[in-house]
Amino acid sequence: MNFMPSRTDFPLPAGSPQPIDDGAADHLAGTVMPKVSLVSTKDCTIDLSQLTAPWTVIYCYPMTGVPGQALPDQWDDIPGARGCTPQTCGFRDQYAELLRFKAEVFGLSTQTTEYQREMATRLDLPFEILSDAAYEFCDALRLPTFEIASMRLLKRLTLMVRDSRIEHVFYPVFPPNESAAQVSRWLGERQN
């Protein structure tokens, strides 16, 4: 599948605050993937300890917006919160390139599958989005989170998984709309 870049409903505002590396993901590189199964937007259950692709990219994000619905108050003031839809569009647009590197792609957030399905359909995603609404994966790996409007959300990070182990972590991820291109470059450097 070839997808052309498109305008998104949630572009990054100029001057979005940049997240800092607070060390909350330092423990992840080298960690074995936990035996956690999550439901995807294609109604599949994915056992994250049994990934079989040569590379698996799991990009974790706080939450996507829905057209016509307001984001939480002060959302734009949280470093790294804004940009989930542009990040997802980047992975959609880079998908063919990532397949060329024999990488499987999953998005992951703590939103419900029903909530995520709207975004997956609207953005015509060729890959699955996983729901960790019960925080099983998040807690098993002690992923960095934050709270807003009575919601516990993931901080944006990308896990590069090979042979059931996290080989590399992109954290913090900024700007989010360049995340997929960064992952493609990283994988390309390992092909040589």
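Residues numbered from 1 in each chain as written. Predicted model: local features only at pLDDT ≥ 70, side-chain atom pairs only at ≥ 80, totals over all residues. Heavy atoms only, no water.

Novice: Would you mind going over helix 1 (residues 84-93) with me for this structure?
Specialist: Helical geometry: 3.6 residues make up each α-helical turn, so side chains three or four residues apart lie on a common side. Of all the 10 residues making up helix 1, nine are buried; the element is thus mostly covered by neighbouring parts of the structure. Where helix 1 is buried, its residues meet strand 3 (55-60), helix 2 (95-100), strand 4 (103-109), helix 3 (113-122), strand 8 (157-162) and helix 5 (179-189). (Buried < 20%, exposed > 50% of the residue type's maximum accessible area, 1.4 Å probe, protein only. Helix = DSSP H or I, 4+ residues; strand = E, 2+ residues; numbered from the N terminus. Contact = heavy atoms within 4.5 Å.)

Novice: Got a minute to help me understand the environment of Ala180 in this structure?
Specialist: Within the element layout of this structure, Ala180 appears in helix 5. Given a relative accessible area of 2%, Ala180 falls into the buried group. In the structure, Ala180 is positioned 85 residues away from Tyr95 in sequence and 8.6 Å away in space, judged by C-alpha atoms. With residues near it in sequence (within four places) discarded, Ala180 still touches Gly90, Phe91 and Gln94.

Novice: Could you clarify how one ought to interpret empty space enclosed by the protein in this entry?
Specialist: Any empty space left between the atoms is revealed when a probe the size of a water molecule rolls over them. By the definition in use, this model includes two cavities of 30 Å³ or more. Class assignment of the residues belonging to the lining of the largest cavity gives a composition of seven nonpolar, four polar and one charged. In this structure, the second largest cavity encloses a volume near 40 Å³. Along the walls of the second largest cavity sit Leu12, Pro13, Ser16, Pro17, Asp76, Ile78, Gly80, Ala81, Arg82 and Phe174, which together make up its complete lining. (1 Å grid on protein atoms, 1.4 Å probe; cavity = no way out; pocket = protein on both sides within 12 Å on 5 of 7 lines; lining within 4 Å. Points joined across faces, edges and corners; volume = space filled by probe spheres on them. Nonpolar A, V, L, I, M, F, W, Y, C, P; charged D, E, K, R; others polar.)

Novice: Got a minute to help me understand the sheet that holds strand 3 in this structure?
Specialist: Sheet strands pair by backbone hydrogen bonding; their relative direction is either parallel or antiparallel. The sheet built from seven strands is open, its strands ordered 2-1-5-4-3-8-9 with mixed pairing. The open sheet is flanked by strand 2 (45-47) and strand 9 (165-170), the only strands paired with a single partner. Strand-to-strand, the axes of this sheet are offset by a mean angle of 30°, without reference to chain direction. In the sheet, strand 3 pairs with strand 8 via five bridges, with the strands oriented antiparallel. Bridge pairing in strand 8 places Ile58 opposite Leu159. Against the sheet, helix 3 makes contact with strand 1 (37-40), strand 4 and strand 5 (128-131), and its axis sits at roughly 160° relative to strand 5, the strand it touches most. (Pairing = 2+ DSSP bridges. Axes fitted to C-alpha atoms, helices over the stretch in contact; angles between N-to-C directions.)

Novice: Can you help me understand unusual backbone geometry in this one?
Specialist: Leaving glycine aside, a negative phi is the common case for residues, and trans is the common case for peptide bonds. For the peptide bond that leads from Tyr171 to Pro172, omega is -10°, which places it in the cis range. Looking at where Pro172 falls in the secondary structure, it is placed in the loop between strand 9 and helix 5. The residue after Phe174, namely Pro175, is reached through a cis peptide bond having omega -10°. Assignment of secondary structure puts Pro175 in the loop between strand 9 and helix 5.

Novice: Just to check I follow, could you spell out the layout of surface pockets for this structure?
Specialist: Space inside the largest pocket adds up to approximately 190 Å³. In terms of lining, the largest pocket is formed by 14 residues, of which the most central are Pro19, Pro79, Gly80, Lys155 and Tyr171. Residue classes in the lining of the largest pocket are distributed as 10 nonpolar, one polar and three charged.

Novice: It is not clear to me how the side chain of Arg92 should be interpreted in this structure. Could you clarify?
Specialist: As for its position among the elements, Arg92 is in helix 1. Judged by its relative accessible area of 5%, Arg92 is buried.

Novice: Explain the confidence of the model for the chain to me, please; I cannot follow it from the model alone.
Specialist: Atomic detail in the predicted coordinates should be set aside for any region of low pLDDT. Residues of the chain with pLDDT of at least 70 account for 94%, and the chain-wide mean is 92. Segment residues 1-8: pLDDT under 50, and 15 contacts once partners within four positions in sequence are set aside and those in other chains are kept. (pLDDT = per-residue confidence, 0-100.)

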